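Letter by letter, the chains look like this.
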Amino acid sequence: MMLVPHTGINAAAGRLFRRPAAAFAAGVLAHALLDLVPHKDISAHKAEGVMVFFMLGLVGSSCGWNSPAFWCAMGGVLPDVEQVLPWTDPARGKRRFFPTHSRRLHSLPLPGARRYRTSLLIQSAVSLAALALAVSTCGRHCRRKVSS
Ligand SMILES: [Zn+2]
């Protein structure tokens, strides 16, 4: 999956958790689940990286750097770091370690998957909606937390 949905969807999912550590663990798990969904990928790592830094910055600054939303998003981003590291690059004969980054599990080849896989447009739209939800609903929660 593109890294942008991992960030946005996880940030929204972070609302389900109270402790940052639990949110982080769930975030890593959610990364695996989203990777299974048949989807298109792009290899514009730099552009995606910039977007993701921006999204993480937005979540951190609006929800708090120690918020479940931020750490759930971080859990979603972290596994894909190995996609850009030279020492886990299959093109250089190295292997990747995250289970859903293997060929068999990434974007499950279900019947009709090629035809109906999630387009980049849908992924981006869902990501932005999720990000907006995460950022717009965390404000109250955080302020309450800070004042208590
Ligand atoms: Zn991944």
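All values reported here derive from a predicted model rather than from experimental measurement.

Caption draft 1: Here's a closer look at the coordination of the zinc ion. Coordination of the zinc ion by the protein is provided by His31 (NE2), Asp35 (OD), Asp80 (OD) and His101 (NE2), with metal-donor distances spanning 2.1 to 2.4 Å. Considering all four donor atoms around the zinc ion, angles at the metal cover 77 to 169 degrees and the coordination shape is irregular. Read in sequence order, the donor residues coordinating the zinc ion give the pattern H-x3-D-x44-D-x20-H. One end of the pair, Asp80, is in the loop between α4 (68-77) and α5 (113-116); the other, His101, is in the loop between α4 and α5, with 21 residues separating them in the sequence. Using a relative accessible area of 8% as the deciding quantity, one classes Asp80 as buried.

Caption draft 2: Structural detail: the state of the cysteines. As enumerated under the stated definition, the model contains one disulfide in all. The disulfide partner of Cys63 is Cys138, and the gap between their sulfur atoms is 2.2 Å. Around the S-S axis, the bridge from Cys63 to Cys138 shows a dihedral of about -90 degrees and counts as left-handed. Of this pair, Cys63 sits in helix α3 (residues 45-63) while Cys138 sits in helix α6 (residues 120-147), placing them 75 residues apart in sequence. Take Cys63: its relative accessible area is 4%, and that puts it in the buried class. Its relative accessible area of 7% is what places Cys138 among the buried residues.

Caption draft 3: Focus on α4. For α4, the tally of buried residues reaches eight of ten residues, placing the bulk of the element in the interior. Within the sequence span of α4, burial applies to Pro68, Ala69, Phe70, Cys72, Ala73, Gly75, Gly76 and Val77.

Caption draft 4: Up close: unusual backbone geometry. Phi at Ser107 takes a positive value of approximately 50 degrees, unusual for a residue other than glycine. As for its placement among the helices and strands, Ser107 is situated in the loop between α4 and α5.

Caption draft 5: Looking closely at the pattern of salt bridges. The tally for this structure, following the rule as stated, stands at one salt bridge. For the salt bridge of Asp89 with Arg92, the shortest nitrogen-to-oxygen distance reads 3.5 Å. Judged by its relative accessible area of 56%, Arg92 is exposed.

Criteria and cut-off values
Residues numbered from 1 in each chain as written. Predicted model: local features only at pLDDT ≥ 70, side-chain atom pairs only at ≥ 80, totals over all residues. Heavy atoms only, no water. Donors = N, O, S within 2.8 Å, 3.2 Å for Na, K, Ca; no water. Tetrahedral: all angles 85-135°; square planar, octahedral: opposite > 155°, others 65-115°. Helix = DSSP H or I, 4+ residues; strand = E, 2+ residues; numbered from the N terminus. Buried < 20%, exposed > 50% of the residue type's maximum accessible area, 1.4 Å probe, protein only. Disulfide = S-S within 2.5 Å. Salt bridge = Lys/Arg side-chain N within 4 Å of Asp/Glu carboxyl O.

Such coordinate-based values are descriptive only and should not be taken to indicate function.
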